[in-house]
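Here is how the chains run, residue by residue.
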Amino acid sequence: MAGRTLYDKLWDSHLVTQRDDGSALIYIDRHLLHEVTSPQAFEGLALAGRTPWRLAANLATVDHNVPTENQSAGVSAIEDPTSRLQVQTLDQNCDAFHVTQFKMGDPRAGIVHVIGPEQGATLPGMTVVCGDSHTATHGAFGALAHGIGTSEVEHVLATQCLVAKKMKNMRVTVTGPLGFGVTAKDVILAIIGQIGTAGGTGYAIEFAGEGIQSLSMEGRMTVCNMAIEAGARVGLVAVDEKTIEYVQGRPYSPQGADWDRAVEAWTDLVSDSDAQFDHEVVVDGTVIEPQVSWGTNPEMVTGISGHVPNPEAIDDPIHRGATERALKYMGLEPNQPIESIRLDRVFIGSCTNSRIEDLREAAQVVDGKRVADSVIQAMVVPGSGLVKEQAEKEGLDVIFREAGFEWRDPGCSMCLAMNADRLGPGEHCASTSNRNFEGRQGAGGRTHLVSPAMAAAAAIAGHFVDVREWL
Amino acid sequence: MMQQFVKETGLVVPLDRANVDTDQIIPKQYLKSIKRTGFGVNLFDDWRYLDPGEPGMDHTKRRLNPDFVLNDSRFSGASILLARDNFGCGSSREHAPWAILEYGFKAVIAPSYADIFFNNSFKNGLLPVILAENEVDTLFALATGETPVEITVDLQSQTVTGPEGFSASFDIDPFRKTCLLEGLDEIGLSLKDADSIKAYETKRAVDAPWLFRD
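Values in this document were obtained by computation on a predicted structure and should not be read as measured data. (Residues numbered from 1 in each chain as written. Chains lettered and ligands numbered in written order. Predicted model: local features only at pLDDT ≥ 70, side-chain atom pairs only at ≥ 80, totals over all residues. Heavy atoms only, no water.)

J.: Give a description of helix 4 (residues 112-119) of chain A that names residues and reports values.
T.: All names here are of chain A. Counting buried residues in helix 4 gives eight out of eight residues, a clear majority hidden from the surface. For helix 4, the full list of buried residues reads Val-112, His-113, Val-114, Ile-115, Gly-116, Pro-117, Glu-118 and Gln-119. Where helix 4 ends, the next residue or the one after it, Gly-120, has phi of about 75 degrees, a positive value. (Buried < 20%, exposed > 50% of the residue type's maximum accessible area, 1.4 Å probe, protein only. Helix = DSSP H or I, 4+ residues; strand = E, 2+ residues; numbered from the N terminus.)

Dropping the structure here:
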């Protein structure tokens with residue numbers, strides 16, 4: 001028998017029943033919920049007179065709508081009545097169905113993809129789903145994790161299972177070592193630049209190679225988080241000592257004899273050496289430089305030493321048209337150097353880059369400097385209350401404030417601008433988030449995806465700079 | 001409960017863009033709703049209207065973008081949306097198929113879709129048809145002519161037919177096809193396997209007890 005990939009192993013260990021028509025029921029170990037994609041699911045459950053199959057598998061929090069100021073005041077701090085109602089609806093649903101929830105103002109609350117790993121609620125070998133496409137984040141732990149729609153949220157609540165079809169296997173090997181000052185964010189943006197926004201459609205991508213193994217767990221989360229931006233619902237990294245070290249001692253992690261058994265089982269969560277992948281991609285990690293997106297989807301990206309492309313040099317008419325439209329929307333000129341792009345706002349946060357290492361990386365760059373006068377706003381939004389507490393213990397909040405950054409309460413914030421944090425029309429933003437779609441951060445807003453270090457340096461300089469020269 | 005889809009004949013609207021993302025299909029400010037309905041008037045909001053939209057606005061008083069294809073009166077009442085590669089990329093919001101359906105579309109035709117959008121569509125009775133690149137090109141040529149064209153999407157025979165002898169067939173998973181044709185309740189179907197789910201849990205609790213310390 002041929003060897004199995006990590007994805008094959010995770011699939012096999014969660015298969016409840018294989019149906020004749022090719023679909024299957026797979027078991028879900030962890031279901032994370034937030035306020036935006038769950039209300040209609042709870043409503044459906046109630047209307048059908050059903051109850052959650054296994055309460056303890058569910059964990060809920062509020063993140064998309066929450067304001068990033070004055071959170072300790074609770075729900076009343078939300079000025080927008082529709083946002084407030086959505087948050088209150090999750091509170092009511094969790095109370096009515098007895099689902100564990102970290103409510104607004106709870107220090108354990110935060111972005112759903114930050115708190116899962118932080119709490120040990122995400123464990124190697126689990127299946128993890130959430131009504132949110134960035135659920136791929138949790139694959140960094142060797143867990144099978146992906147986003148689902150609201151109908152599926154209801155299905156998981158009711159059955160603890162998903163109707164699924166097995167994906168194909170892809171391996172993206174990033175060679176190493178990575179260059180000095182190159183981060184996980186640069187790695188994943190470079191991968192998306194190479195394979196495209198639909199390059200991973202239909203696949204579970206396992207990220208491998210020295211360029212991935214050398215990353216911390218938080219770095220691996222950043223990489224897996226954006227698998228969906230390459231079209232893949234699932235991103236995975238094999239379990240190693242770093243994984244196990246990160247998981248140990250967290251509130252939801254196994255303890256005592258359970259821990260020893262779990263660790264023994266988790267060591268098998270790697271692809272066998274003779275496993276076959278349906279598609280293999282190799283990315284030369286040694287040549288990746290800090291990345292900056294210039295367009296309106298994440299594959300429209302280049303290195304800091306690069307230029308905005310010239311549509312006239314593109315033969316394919318659809319590709320050329322898309323590039324022309326992107327340049328028009330972004331207000332950029334063909335062949336313009338990336339370093340010449342000036343920023344109006346800077347956002348450091350989101351489920352991609354709001355963990356403690358991200359904040360340390362940015363603080364190191366801004367320490368003792370000042371945000372450029374031309375920058376209207378530079379904000380740091382920690383991924384959770386606990387990340388915020390840790391950063392404040394380390395004095396990072398002081399470094400940011402003294403440099404002219406706003407230090408906010410946790411949430412999704414300006415990544416998708418469902419709360420009050422947003423771009424004005426035409427404004428350019430250096431953002432550590434994951435999507436640069438038209439209007440994503442506010443109607444008419446222009447997003448440039450970068451790493452925390454690059455965003456921090458751009459805030460100080462007022463335009464993009466090669467942060468490696470500052471380190 | 002899933003809506004049924006059997007066969008649809010209607011006008012086709014050509015949306016000639018690749019990588020149409022869910023932030024375009026239904027912008028985030030409308031996701032604050034706790035209902036499944038009310039999204040149709042905000043489908044493609046940023047492209048469709050010239051003024052920025054917010055929940056609760058009276059859309060009949062908003063300025064329409066005359067250059068956007070959905071506002072072309074010739075396509076009024078259309079029920080089939082024609083698009084390019086990677087339609088529906090981005091977030092997992094099921095509000096995207098809800099908005100498309102509520103606007104009046106019953107089917108989308110494109111060469112490829114993002115996985116989550118594709119999956120969400122079936123759960124709601126919106127049929128995402130995959131045709132080959134050259135077949136989609138032909139449909140674009142037909143649909144962008146002087147007069148709009150009607151085409152027929154037939155799920156039973158898995159075919160798309162149209163004027164000038166256009167005929168193409170498409171693949172679909174048997175499970176999804178059955179669910180759509182019969183409008184089945186997927187949760188109800190899965191609960192028929194409740195014994196299998198319980199048996200799985202019993203076995204898994206022995207193999208991986210740390211996952212079941214409820």
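J.: Report on the environment of Glu-406 of chain A, specifying residues and quantitative values.
T.: Residues and elements named next belong to chain A. Looking at where Glu-406 falls in the secondary structure, it is placed in strand 17 (residues 406-407). Separated by 27 residues in the primary sequence, Glu-406 and Met-379 have C-alpha atoms spaced 4.6 Å apart. Residues within four places of Glu-406 in sequence aside, it is in contact with Gln-377, Ala-378, Met-379 and Val-380. Among the polar contacts made by the side chain of Glu-406, one reaches the side chain of Gln-377 at a distance of 3.1 Å. There is a polar contact of 2.6 Å between the side chain of Glu-406 and the side chain of Arg-408. (Contact = heavy atoms within 4.5 Å. Polar contact = N/O pair within 3.5 Å; in protein donor to acceptor, adjacent residues only side chain to side chain.)

J.: Lay out helix 12 (residues 356-366) of chain A in plain terms, naming residues and giving numbers.
T.: Residues and elements named next belong to chain A. For helix 12, a buried count of eight out of 11 residues is recorded, marking the element as mostly surrounded by other parts of the structure. When helix 12 is considered as a whole, its buried residues turn out to be Ile-356, Asp-358, Leu-359, Glu-361, Ala-362, Ala-363, Val-365 and Val-366. Just beyond helix 12, the residue with positive phi is Gly-368, at close to 80 degrees.

J.: An account of the interface of chain A and chain B is needed here, citing residue identities and associated values.
T.: Size of an interface, as often reported, equals the accessible area lost when the parts are brought together. Between chain A and chain B, the residue contacts involve 72 residues of the former and 59 residues of the latter. In total, about 5400 Å² of surface goes out of reach between chain A and chain B, with carbon and sulfur atoms giving 54% of it. At the boundary of chain A and chain B, one finds 10 salt bridges. A salt bridge links Arg-213 of chain B to Asp-258 of chain A; the shortest N-O distance between them is 2.6 Å. For the pair chain A and chain B, the interface holds 34 residue pairs in polar contact (both at pLDDT 80 or more). When its residues are assigned to classes, the side of chain A that touches chain B shows 26 nonpolar, 28 polar and 18 charged. (Buried area = accessible area lost by both parts, 1.4 Å probe. Salt bridge = Lys/Arg side-chain N within 4 Å of Asp/Glu carboxyl O. Nonpolar A, V, L, I, M, F, W, Y, C, P; charged D, E, K, R; others polar.)

J.: So, the packing of aromatic side chains: which residues are in play, and what are the values?
T.: Residue and element names in this part refer to chain B. Taken as a whole and assessed by the stated rule, the structure comprises 19 aromatic pairs over all chains. Look at Phe-87 and Tyr-113: their rings are 6.4 Å apart centre to centre, the planes differ by 85 degrees, and that puts the pair in the edge-to-face class. In this pair, Phe-87 is assigned in the loop between strand 2 (80-82) and helix 3 (95-103) and Tyr-113 in the loop between strand 3 (107-110) and helix 4 (115-123), connecting sequence segments 26 residues apart. The residues Phe-87 and Tyr-113 share a single accessibility class, namely buried. Seen in terms of ring centroids, Phe-87 and Phe-117 are 5.3 Å apart; in terms of plane orientation they differ by 75 degrees. Their pairing is edge-to-face. One end of the pair, Phe-87, is in the loop between strand 2 and helix 3; the other, Phe-117, is in helix 4, with 30 residues separating them in the sequence. (Phe/Tyr/Trp six-rings, centres within 6.5 Å; stacked < 30°, edge-to-face > 60°.)

J.: Residue-level account of the sheet that holds strand 9 (residues 168-174) of chain A, with values.
T.: The pairing of strands in a sheet happens through backbone hydrogen bonds and is either parallel or antiparallel. All names here are of chain A. Strand order across the open sheet formed by four strands is 11-10-9-12, with parallel pairing between neighbours. Two strands lie at the open edges of the sheet, namely strand 11 (234-236) and strand 12 (279-283), each paired on one side alone. Ignoring strand direction, the axes of neighbouring strands in this sheet form an average angle of 20 degrees. As paired elements, strand 10 (residues 203-208) and strand 11 share three bridges and run parallel to each other. Bridge assignment links Glu-206 to a residue of strand 11, and that residue is Leu-236. Here helix 1 (residues 6-14) sits on the sheet and contacts strand 9, strand 10 and strand 11; the angle it forms with strand 11, its principal contact strand, is near 115 degrees. (Pairing = 2+ DSSP bridges. Axes fitted to C-alpha atoms, helices over the stretch in contact; angles between N-to-C directions.)

J.: For the sheet that holds strand 6 (residues 159-161) of chain B, give the residues involved together with the corresponding values.
T.: Residue and element names in this part refer to chain B. An order of 4-3-2-1-5-6-7 is seen for the seven strands of this open sheet, with the pairing classed as mixed. Single-partner strands in this sheet number two, and they are strand 4 (127-130) and strand 7 (167-169). Averaged over neighbouring strand pairs, the angle between their axes works out to 25 degrees when direction is ignored. Taken together, the three bridges between strand 1 (residues 7-14) and strand 2 define a ladder with parallel strand orientation. Bridge pairing in strand 2 links Val-13 to Leu-81.

J.: Quick rundown of the environment of Pro-298 of chain A? Include the residues and the values.
T.: Residues and elements named next belong to chain A. Tracing the backbone through its elements, the reader meets Pro-298 in the loop between strand 13 (291-293) and strand 14 (301-303). When the C-alpha positions of Pro-298 and Phe-437 are compared, they lie 8.0 Å apart, and in sequence the two are 139 residues distant. For Pro-298, the residues in contact, after removing those within four places along its chain, are Ile-192, Thr-197, Glu-229, Asn-434, Asn-436, Phe-437 and Leu-449.

J.: Hey, could you go over unusual backbone geometry for me, with residue numbers and the actual values?
T.: The residue after Gly-176 of chain A, namely Pro-177 of chain A, is reached through a cis peptide bond having omega 5 degrees. Tracing the backbone through its elements, the reader meets Pro-177 of chain A in the loop between strand 9 and helix 6 (184-195). Of note, His-98 of chain A is a non-glycine position whose phi angle comes to about 65 degrees, a positive value. Tracing the sequence through the fold places His-98 of chain A in the loop between helix 3 (81-97) and strand 5 (101-102). Its identity is not glycine, yet Phe-44 of chain B carries a phi of approximately 55 degrees, on the positive side. Tracing the chain through its elements places Phe-44 of chain B in the loop between helix 1 (22-25) and helix 2 (45-48).

J.: Tell me about the nonpolar core, and please be specific about residues and values.
T.: Ranked by internal contacts, the top residues of the largest apolar core, which has 220 residues, are Phe-207, Trp-266 and Phe-405 of chain A together with Phe-44, Phe-87, Ile-109 and Leu-127 of chain B. The next biggest cluster of nonpolar side chains, apart from the first, holds seven residues, and it includes Phe-347, Val-381, Met-414 and Leu-423 of chain A. (Core = buried A, V, L, I, M, F, W, Y, C linked by side-chain atoms within 4.5 Å.)

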